[in-house]
Amino acid sequence: MKAWLLGLMLGSAIAQDRPQLAPEQAAAFTREAWLGNWTPEPDGDRSRWPANAVVRSGQSLQAVLDALPAPSGQRRFVRIEPGSYRGAVCIRGLGPITIYGVGAADGVRVVDGRYAAQTKPADMPAQTCVPAIGATSMGTAGSASVVIAQDDVQLAGLTIANDALDAVRDGQGYPAGAGESGGAQAVALMTRGDRIQLDAVHLLGHQDTFYADGTGRVRVANSRIAGDVDFIFGAARLLIEHSLIVSRAGRRAPGEGGIGLAPSTPPGRAQGFLITQSRWIVEDGTPSLGRAWDAGVKKPEAGGQWIAGQSPNGHALIRDSLLDARLRPWVASTARRPFEAKSNRLTEFNNLTLPVAAFETAPTGWATQAGGTSGGANAAPDAIRWIRDRAQLEAALRELGERPKILAIAARIELGGPADAFRDPGYDQAAYEAAYDPKTWGRRKPEGPLEEARERSAKAQAKAITLRIPSNTTLIGVSAGAGFHGGMVLLNQVENVIVRNLRFSDAYDHFTAWDPLDGAHGEWNADYDNLSLRAAHRVWVDHCAFDDGDRPDHLERTVFGRGQQRHDGLLDITHASDLITVSWSRFSGHDKTMLIGGSDKQVADAGALRVTLHHNLWVDIRERAPRVRFGQVHLVNNLYLARPEGPYGFGYAIGLGLQSAVLSQGNAFEGTVQPAQLLRWLKGERFSDEGSTLNGKPLALEAPQPAGWTPPYRLPPEGAAQAAARVRVGAGPTMALEPERKAP
């Protein structure tokens, strides 16, 4: 079963436990409502920040803080140099203060390794800020690596960790007194104060990573919080924005799911936890979003009873964020109070789902060979990005390079622009047409200042509208209409790329070239494909749509007796690209649809261009579905809707070019066409077909020679009629992303 289908089934099953706010309800729960009259300190270029004190490697952070002069009311800055600083830290009585590292947060690590059940002498403080005198164990609060017990604190550019449980794997290796049933709480950061902010801070732990205690305001931005059980918990008014939350795997015994949030909001207070514009990624398994922490309420078997209006009732809203599809719904409270929307205050609004499909690898076809195609399936959580515009996408590509990465596209990203944005001052379309009219210019290639100005214009456009995707990437659409418009997505000299659930539309050429020697009458030739693979290896394109958008070529002007072509291919595979699978995609409303092998002169393509096309829909296209040179191409269970009466007419479906070898199985052709129109022989000779139909009747497509090769992978064809029915409803960006959910 496809993972995305499994995700849909799970989503439908859990919908009742994922209540959604209506827009009018969500309007009351905003960043501004959480901050109130507080304006957090700015973050930015920390290398320019002042430093009233500096902590260097080998020093004690606590000792440097203790040595600060008495506070004067002015904010002070303490810079921590790169390094690892071990030992518990108490921030208290220091006045307004900023403690920061320079550079990446990973470079400054403040860490300790104590846990709740760890024993201690009754007269020994568990933590300077949380003495716990009289207790014989550290307790949850006393286990904290860092405690902030005052107002007006900013932490920036550093990591705070509790590594007490880092050696535990699959439920084995717990330290003394701790186990799956308790005692393993190990806090990285605990806050007790108001106006506390974390900027670019990593909080790393397992159980109880971040304890937002008290009732003050705490803001976390551009940060990372990782843990596995109740790892963001407490009673504070907590705002998490533009951050990464990671449900960790590896510590707990198999079958023991994790739990994320555990708010303990006081009765009568409307604001608990607000998570917005953030990502929540699951390393493995199916943890839950969280539960209410009924602090102070015993379990029923111990005589406890939660009382509405008197007991804490945890509040949390996750909104406008990207959530991993493996996250399960909210669960019963710590006092075993069942989760019910009418009494619990744990909700969502306007979130998107990162589907399980984002972690899939190519399941069949040529893309499974030579090690297979995994794209970003092995991406670390920080390499899974939520993309809402071109600037975010380009920033992610620059930062991540060729690291395995998943880019979740949540918008139609505009790549193009108006002609005037690229036009060279020396170019004028009317003058160009007057100068190179064949009636006066003849059948010579255009040359001179106007053609040179057109070429400069074209070069400027190409630079602006071409988006280059690096190796080891998964691009996946996570919202309706997600994709790319107005330009070309290019996979050039890369490998291991997956492209799924996206629409590629209208790679429009403003400066199309006139070639008087192309054909009997000359032609206008465009220069951009919606998606272009050049020397790309191991690529899987799945559940995508390709078209010309709102500017189809059949509506363009006729100049020199020929229609001006503004679009080249929808998906072209050239320059010895190899080991490609294209599946469950829709190609529509186009002339030269798919080229596999760009030229008879590209003899280096021999032995490459091994491509599988299965369960794709071709509708209202003129030709090239595909047109093949050199390659071993496998066509399985595709549906061709040939419509000669359409705006593009119909020329042919499969073009058999020089040294091509095409194996066709179970393809369905429909339309008012003859069998002879389905193939075009373009110097090719090798073709085999079995099980294909035309208008439901068996086809007998003959060729001078059989294809002469056998696929090295399993892809058994289904019946053409069955395949056609499935392709009609399943081709294109049809992957289920959003489980059905209900408003409370």
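First things first, this report covers the structure right here in the doc.

About the cut-offs
Residues numbered from 1 in each chain as written. Predicted model: local features only at pLDDT ≥ 70, side-chain atom pairs only at ≥ 80, totals over all residues. Heavy atoms only, no water. Pairing = 2+ DSSP bridges. Helix = DSSP H or I, 4+ residues; strand = E, 2+ residues; numbered from the N terminus. Axes fitted to C-alpha atoms, helices over the stretch in contact; angles between N-to-C directions. Buried < 20%, exposed > 50% of the residue type's maximum accessible area, 1.4 Å probe, protein only. Polar contact = N/O pair within 3.5 Å; in protein donor to acceptor, adjacent residues only side chain to side chain. Contact = heavy atoms within 4.5 Å. Core = buried A, V, L, I, M, F, W, Y, C linked by side-chain atoms within 4.5 Å. Expected span 1.5 Å × (residues − 1). Arc of directions from axis to C-beta. Lys, Arg positive; Asp, Glu negative; His and termini not counted. Salt bridge = Lys/Arg side-chain N within 4 Å of Asp/Glu carboxyl O. Phe/Tyr/Trp six-rings, centres within 6.5 Å; stacked < 30°, edge-to-face > 60°. Lys NZ or Arg CZ within 6 Å of the ring centre and 35° of its normal.

What the 10 strands build is an open sheet, ordered E27-E30-E33-E38-E43-E46-E49-E52-E55-E56; its pairing is mixed. Each of the sheet's edge strands pairs with one partner strand only, and the pair in question is strand E27 (412-414) and strand E56 (697-698). Bridge analysis of strand E52 (residues 668-670) against strand E55 (residues 693-694) gives 2 bridges, and the strand direction is parallel. Bridge pairing in E55 links Ala668 to Thr693.

Right, let's get into the sheet that holds strand E51 (residues 661-665). Sheet architecture is open: 10 strands sit in the order E25-E26-E29-E32-E37-E42-E45-E48-E51-E54, paired in parallel fashion. The sheet is open, and its two edges are formed by strand E25 (384-387) and strand E54 (686-690), each paired on a single side. Adjacent strand axes in the sheet meet at a mean angle of 10 degrees when their direction is disregarded. Taken together, the 4 bridges between strand E45 (residues 611-614) and strand E48 (residues 632-636) define a ladder with parallel strand orientation. Residue pairing for E48: Val611 is matched across the bridge by Val633.

Looking now at the side chain of Thr265. Assignment of secondary structure puts Thr265 in the loop between strand E17 (259-263) and strand E18 (273-276). Of the residues examined, Thr265 reaches a relative accessible area of 0% and is grouped as buried. Here the side chain of Thr265 touches His315 through a polar contact of 2.8 Å, landing on its backbone nitrogen. Setting aside residues up to four positions removed in sequence, Thr265 forms contacts with Gln271, Gly272, Pro312, Asn313, Gly314, His315 and Arg345.

By size, the foremost hydrophobic cluster in this structure holds 84 residues, and its most contacted members are Ile409, Phe484, Leu491 and Ile654. Residues within four places of Leu491 in sequence aside, it is in contact with Ile469, Val497, Leu531, Ser532, Leu533, Arg534, Ala536 and Val539. One finds Val78, Val201, Leu203 and Ile318 within the second-largest nonpolar core, a separate group that totals 52 residues.

Before going further, it helps to examine helix H9 (residues 449-465). Given a rise of 1.5 Å per residue, 17 residues ought to cover 24 Å, and the 24 Å separating the end C-alpha atoms of H9 matches this to within 8%. Residues of H9 that are buried include every one of Leu450, Glu451, Ala453, Arg454, Ser457, Ala458, Gln461 and Ile465, and no others. Mapping the buried residues of H9 onto a view down its axis gives an arc of 160 degrees, with all of them on the same face. Along H9, exposed side chains directed more than 90 degrees from the buried face belong to Pro449, Lys459 and Lys463. Packed against the buried residues of H9 are helix H6 (390-400), helix H7 (429-435), strand E28 (466-468), strand E31 (488-492) and strand E34 (513-515).

Take the side chain of Arg224 next. With respect to the helices and strands, Arg224 occurs in strand E13 (residues 224-227). Buried charge Arg224 goes without a salt bridge, the closest partner of opposite sign being Asp382 at 4.8 Å. Excluding residues within four positions of it along the chain, Arg224 makes contact with Val201, His202, Leu203, Leu244, Val246, Pro381 and Asp382.

The subject of this paragraph is the packing of aromatic side chains. Taken as a whole and judged by the stated rule, the model has 24 aromatic pairs. When the ring of Tyr427 is compared with that of Phe511, the centres are 5.6 Å apart and the planes differ by 85 degrees; the resulting orientation is edge-to-face. Here Tyr427, found in the loop between E27 and H7, pairs with Phe511, found in the loop between strand E33 (503-505) and E34; they are 84 residues apart in sequence, far enough to count as distant. Residue Phe511 is classed as buried on the basis of its relative accessible area, which comes to 1%. We note Arg337 situated over the ring of Trp306; from NZ or CZ to the ring centre the distance is 3.9 Å.

Scanning the model with the defined rule gives 46 salt bridges in all. For the salt bridge of Glu180 with Arg252, the shortest nitrogen-to-oxygen distance reads 3.4 Å. With a gap of 72 residues between them, Glu180 in the loop between strand E8 (153-162) and strand E9 (189-192) and Arg252 in the loop between strand E16 (244-247) and E17 connect regions that are remote in the sequence. Linking Arg326 and Asp324 is a salt bridge whose minimum nitrogen-to-oxygen distance equals 3.0 Å. Taken together, the shared-partner salt bridges connect Asp151, Asp152, Asp194, Arg195 and Arg217 into one network.

The subject of this paragraph is unusual backbone geometry. For the bond from Ala625 to Pro626, the omega torsion is 0 degrees, close enough to zero to count as cis. Within the secondary structure, Pro626 is located in the loop between strand E46 (617-623) and strand E47 (627-628). Of note in the backbone geometry, Asp208 takes a positive phi value of approximately 65 degrees without being a glycine. Its location among the elements puts Asp208 in the loop between strand E10 (196-204) and strand E11 (210-213). The phi torsion at His575 lies on the positive side, around 55 degrees, for a residue other than glycine. Inspection of the secondary structure assignment puts His575 in the loop between strand E41 (571-574) and strand E42 (578-583).

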